[in-house]
Amino acid sequence: MSRFVWLLAAVEPATPEAPAPEGHSPAEVLLHHVTDSRWFRHYDVGPVHFEPTKHLVFFVVAAAIVLVVTRLALRSYRKGGVPTGMGAAVETIVLFIRDEIAEKNIGHDGRVYTPLLCSFFFFILIAALIGLMPFSATSTGNVSVTLGLAIVSFAAMQYAGISKYGLVGHFKNLVPPGLPVWLLPIMVPVEILSMFTKPFALMVRLFANMLAGHMVITALLMLIPLMAAINAAFGWAVVPVSLGLALFIMILELLVALIQAYIFTLLTAIFIGMFAHPAH
């Protein structure tokens, strides 16, 4: 909302002697659009403290849309057995994830992990697209959300190894066979650390890309009031440039949303495959 307030106020002449309005400095406006904030008053249900924030609200909205889309896709099968419309589109994506991502990177066990990979893909994509709408927020731009996704991904990686080789065999596979004994004190900590760096990389990659896009768009829009603070004519002159660049970045964000959903899904499948079929 503050973006539009800044745009409307951009053409007014600068008044250096007047104090800056509270809460409208460039840094505060930028942080307002990329950080979480409380939307509703908190509720205490016994020992549970419930305080909805904008990222939590749009997290739930994105998850609800994923569920609705899948239900609509399933309904198209019941009508005639051959999916149409929404069902056909969802089936195309699911088959691509199963055949080109899951089975090619995990092997014959890929179908077991296809539901999880599809959940990652659809949730990340829809959450990112919702974040491009006016007065909304990108829940995957919150590190807590990407941390949760990374934890689920980490659990799937460990399950892939433990379910196939057992707990002891899973950890034995972390060390390359035939490794000299004197290298074990070095390699064992490194391999254990790598178990955690893989999901950490997933978490940071998704969070940083979602956050960066919104910061760039907001910074471009803030050029208007910043230039207007110097001179009203400068503010008017920079309007088409600022809006044009912001629109270009927003269109680019549509592609970024698809790419980030694909990359997170692909890397998760690759990491699961590394634990299911260890090769050193």
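Reading the values: rules and limits
- Each residue is numbered by its place in its chain's sequence as written, counting from 1.
- With the structure being a predicted model, the display of local features is reserved for residues of pLDDT at least 70 and the display and counting of side-chain atom pairs for 80 or more, all residues being used for whole-chain, interface and lining totals.
- Note that water and hydrogens are dropped before the side-chain values are worked out from all heavy atoms of the structure.
- Think of it this way: any DSSP run of H or I at least four residues long counts as a helix, any run of E at least two long counts as a strand, and we number them from the N terminus.
- Relative accessible area decides the class of each residue, using a 1.4 Å probe on protein chains only: under 20% of the type maximum gives buried, over 50% gives exposed, and in between gives partly exposed.
- Should any heavy atoms of two residues lie within 4.5 Å, those residues are counted as being in contact.
- Per-residue and other accessible areas were derived by the Shrake-Rupley procedure at a 1.4 Å probe size, with only the shown protein chains allowed to occlude residues.
- To define a nonpolar core, start from buried Ala, Val, Leu, Ile, Met, Phe, Trp, Tyr and Cys residues and group those joined through side-chain atoms within 4.5 Å.
- To get an axis, a line is fitted to the C-alpha atoms, and for a helix only the part in contact is used. The angle between two axes follows their N-to-C directions and goes from 0 to 180 degrees.
- Geometric relationships in this document are graded by angle, where less than 35 degrees denotes roughly parallel, more than 145 denotes roughly antiparallel, 65 to 115 denotes roughly perpendicular, and other angles denote oblique.
- By definition, turning the near helix anticlockwise from the far helix through less than a right angle yields a left-handed crossing, and turning it clockwise yields a right-handed one.
- Any residue outside Ala, Val, Leu, Ile, Met, Phe, Trp, Tyr, Cys, Pro, Asp, Glu, Lys and Arg is labelled polar, Gly included; the first ten of those are nonpolar and the last four are charged.
- Each helix should span, by expectation, one fewer than its residue count multiplied by 1.5 Å.
- Fitting one axis to the seven residues ending at a residue and another to the seven starting there, the bend at that residue is the angle between the two axes.
- Note on definitions: salt bridges are taken to be side-chain nitrogens of Lys or Arg within 4 Å of carboxyl oxygens of Asp or Glu.

**Concerning the overall build of the protein**
And step 1. When helices and strands are tallied, the protein shows 9 helices and 2 strands.
And step 2. Helices and strands in the protein line up, N terminus first, as α-α-β-β-α-α-α-α-α-α-α.
And step 3. By the burial criterion, 37% of the 280 residues in the protein qualify as buried.
And step 4. Counting only contacts in the protein whose residues sit at least 6 apart along the sequence, the fraction spanning at least 24 positions is 67%.
And step 5. Element-wise, carbon and sulfur atoms account for 74% of the exposed surface of the protein, whose accessible area totals about 15800 Å².

**Quick look at the nonpolar core**
Taken as a class, soluble globular proteins show a tendency for nonpolar side chains to be buried jointly.
And step 1. L117, F123, I124, L149, F264 and I272 are the most contacted members of the largest nonpolar core, which has 44 residues in total.
And step 2. If you list the elements that add at least two residues to this core, you get α3 (54–80), α4 (86–106), α5 (110–130), α6 (143–172), α7 (184–221) and α9 (232–276).
And step 3. The leading source of residues in this core is α5, at 13 residues.
And step 4. When sequence neighbours within four positions are dropped, the list of residues in contact with L149 reads F120, F123, I124, T140, L206 and F264.
And step 5. L220, L221, A246 and I249 belong to the second largest nonpolar core, which has 5 residues in total.

**Some remarks on the packing of α6 against α7**
And step 1. Between α6 and α7, the least distance of the axes is 8 Å, while the angle of their chain directions is 155°. Considering their axes alone, α6 and α7 lie roughly antiparallel with respect to each other. Read as a crossing pair, α6 and α7 show a hand that is right-handed. Within the contact between the two elements, α6 uses V143, T146, L147, L149, A150, S153, F154, M157, Q158, H170 and F171 and α7 uses M195, F196, K198, P199, L202, M203, L206 and F207.
And step 2. Split by residue class, the contact of α6 with α7 holds 14 nonpolar, 4 polar and 1 charged.

**So, α7**
And step 1. Over its 38 residues, α7 extends 55 Å from the first C-alpha to the last, a length consistent with the 56 Å expected when each residue adds 1.5 Å.
And step 2. At M195, α7 shows its largest bend, some 25°, and a proline, P199, comes one to four positions later.

**Here we look at the pattern of salt bridges**
And step 1. Counted under the stated rule, the structure contains 4 salt bridges.
And step 2. A salt bridge links K104 to E100; the nearest nitrogen and oxygen atoms lie 2.7 Å apart. Here K104 pairs with E100, and both are found in helix α4, just 4 residues apart, close to one helical turn.
And step 3. Judged by relative accessible area, K104 falls into the exposed class, the value being 59%.

In short, the description is geometric, and any link to function would need to be established separately.
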